[in-house]
Amino acid sequence: DTNITVQAERNVSRAKVETKTAATGFIENLNPFDPVLAEMREAARRPQSRFNIRYEEENAAGILLPHLSVLKRLSQFLSYRASAELTLGRSDVALADVLLTLRLAESIDNERTLIALLVRIATVNIAVQPTGEGMAARRWNDAQLQALSGAFARGVDDVGRGVALAGAAGRERR
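Residues numbered from 1 in each chain as written. Predicted model: local features only at pLDDT ≥ 70, side-chain atom pairs only at ≥ 80, totals over all residues. Heavy atoms only, no water.

Novice: I'm lost on the overall build of the protein in this one. Help?
Specialist: Helix and strand counts for the protein come out as 6 helices and 0 strands. For the protein, the sequential pattern of α-helices and β-strands runs α-α-α-α-α-α. Accessible surface, the protein: about 10900 Å² in total, of which carbon and sulfur atoms supply 55%. (Helix = DSSP H or I, 4+ residues; strand = E, 2+ residues; numbered from the N terminus. Areas by Shrake-Rupley, 256 points an atom, 1.4 Å probe, with all protein chains shown as cover.)

Novice: Please explain the packing of helix H3 (residues 66-87) against helix H5 (residues 114-136) as it appears in this structure.
Specialist: Each pair of packed helices can be summarised by the angle the axes make with each other and by the distance between the axes. Taken N-terminus to C-terminus, the directions of H3 and H5 make an angle of 5°; their axes are 9 Å apart at the nearest point. The angle between H3 and H5 falls in the class roughly parallel. Residues Leu68, Lys72, Ser75, Gln76, Ser79, Ala82, Ser83 and Leu86 of H3 form the contact with H5, whose participating residues are Ile115, Ala116, Val119, Ala122, Thr123, Ile126, Gln129, Pro130, Glu133 and Gly134. Taken together, the residues of the contact of H3 with H5 sort by class into 9 nonpolar, 7 polar and 2 charged. (Axes fitted to C-alpha atoms, helices over the stretch in contact; angles between N-to-C directions. Parallel < 35°, antiparallel > 145°, perpendicular 65-115°, else oblique. Contact = heavy atoms within 4.5 Å. Nonpolar A, V, L, I, M, F, W, Y, C, P; charged D, E, K, R; others polar.)

Novice: Any chance you could explain the packing of helix H2 (residues 34-44) against helix H4 (residues 91-106) here in plain terms?
Specialist: Axis separation between H2 and H4 bottoms out at 10 Å; the angle between their running directions is 55°. One finds that H2 runs oblique with respect to H4. Judged by the twist between their axes, the crossing of H2 over H4 is left-handed. The segment H2 lies against H4, with Met40, Arg41 and Ala44 engaging Ala96, Asp97, Leu100, Arg103 and Leu104. Of the residues belonging to the contact of H2 with H4, the class tally is 5 nonpolar, no polar and 3 charged. (Left-handed = near helix turned anticlockwise from the far one by under 90°.)

Novice: Mind showing me how you'd approach H3 here?
Specialist: Because an α-helix packs 3.6 residues into every turn, residues spaced three or four apart end up facing the same way. With 22 residues, H3 should reach 32 Å at 1.5 Å per residue; the first-to-last C-alpha distance of 33 Å fits that figure. Gly89 sits one or two positions beyond H3 and adopts a positive phi of about 80°. (Expected span 1.5 Å × (residues − 1).)

Novice: I'm lost on the nonpolar core in this one. Help?
Specialist: Across soluble globular proteins, nonpolar side chains show a tendency to be buried alongside one another. Membership of the largest hydrophobic core comes to 15 residues, with the highest contact counts inside it found for Leu68, Leu74, Phe77 and Leu78. Only H3, H4 and H5 provide two or more residues apiece to this core. Looking at this core element by element, the count peaks at 5 residues for H3. Residues within four places of Leu74 in sequence aside, it is in contact with Leu37, Met40 and Leu104. In this structure, Ala82, Val98, Leu148 and Ala151 belong to the second largest nonpolar core, which totals 13 residues. (Core = buried A, V, L, I, M, F, W, Y, C linked by side-chain atoms within 4.5 Å. Buried < 20%, exposed > 50% of the residue type's maximum accessible area, 1.4 Å probe, protein only.)

Novice: Hey, could you run me through the side chain of Thr113 in this one?
Specialist: Relative to the helices and strands, Thr113 resides in the loop between H4 and H5. Only 3.2 Å separates the side chain of Thr113 from the backbone nitrogen of Ala116, close enough to count as a polar contact. (Polar contact = N/O pair within 3.5 Å; in protein donor to acceptor, adjacent residues only side chain to side chain.)

Novice: In this structure, what is going on with the pattern of salt bridges? I would like to understand it.
Specialist: Should their charged atoms come close, side chains of opposite charge can pair. Scanning the entire structure with this criterion turns up 5 salt bridges. A salt bridge links Arg81 to Asp34, with the shortest nitrogen-to-oxygen separation between them at 3.8 Å. With Arg81 in helix H3 and Asp34 in helix H2, this residue pair connects regions lying 47 residues apart in the sequence. One salt bridge in this structure joins Arg81 and Asp97, with 2.8 Å as the shortest N-O distance. In this pair, Arg81 is assigned in helix H3 and Asp97 in helix H4, connecting sequence segments 16 residues apart. (Salt bridge = Lys/Arg side-chain N within 4 Å of Asp/Glu carboxyl O.)

Novice: Even after reading the chapter, I still don't get a nonpolar patch on the surface, so can you show me in this structure?
Specialist: Side chains of Leu114, Ile115, Leu118 and Ile121 sit close together on the surface and give an oily, nonpolar patch of about 360 Å² of accessible area. One can find Ile115 in helix H5. (Patch = residues over 30% accessible without salt bridge, like charges linked within 9 Å, V, L, I, M, F, W, Y side chains within 5 Å.)

Novice: How do you make sense of H4 when you look at a structure like this?
Specialist: Given a rise of 1.5 Å per residue, 16 residues ought to cover 22 Å, and the 22 Å separating the end C-alpha atoms of H4 matches this to within 8%. Along H4, the residues that are buried comprise Ser91, Ala94, Leu95, Asp97, Val98, Leu100, Thr101, Leu102, Arg103, Leu104 and Ala105.

And the structure:
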């Protein structure tokens, strides 16, 4: 039994080192995107956002919404990055990534299309993964948990308002 326990502890230690090595490599591969992320963080400080969308189209199905797929992919990118940062014990950087993800969801909170609402819900959901990982590993401190709690509360409120807007937009088209 002692040999099995010792071997298991060695395997866990080796797995932790390999995981940290993989996380470090992952983060290093993302370094070229740091200027873009810095620009995104700066833009996220603005109180509102406006995407160049032609809402005046007669046929609502004809409105092109390319920004939605970009926002969702960026959210996934930030989620993966936050998970890797948490693995490396960098909860402050991970927090910034999760908060930016939630801000991206908030950036489309006034759009009156069902697909925008669905992307907003998906984006908030994407932010849940690294948040839960950080909670399970006890990586977040009290101040970070407060920031996450407030950001998620705003995100849920935004989604609720989005449901009302999408419903109103649907009634207007009838």
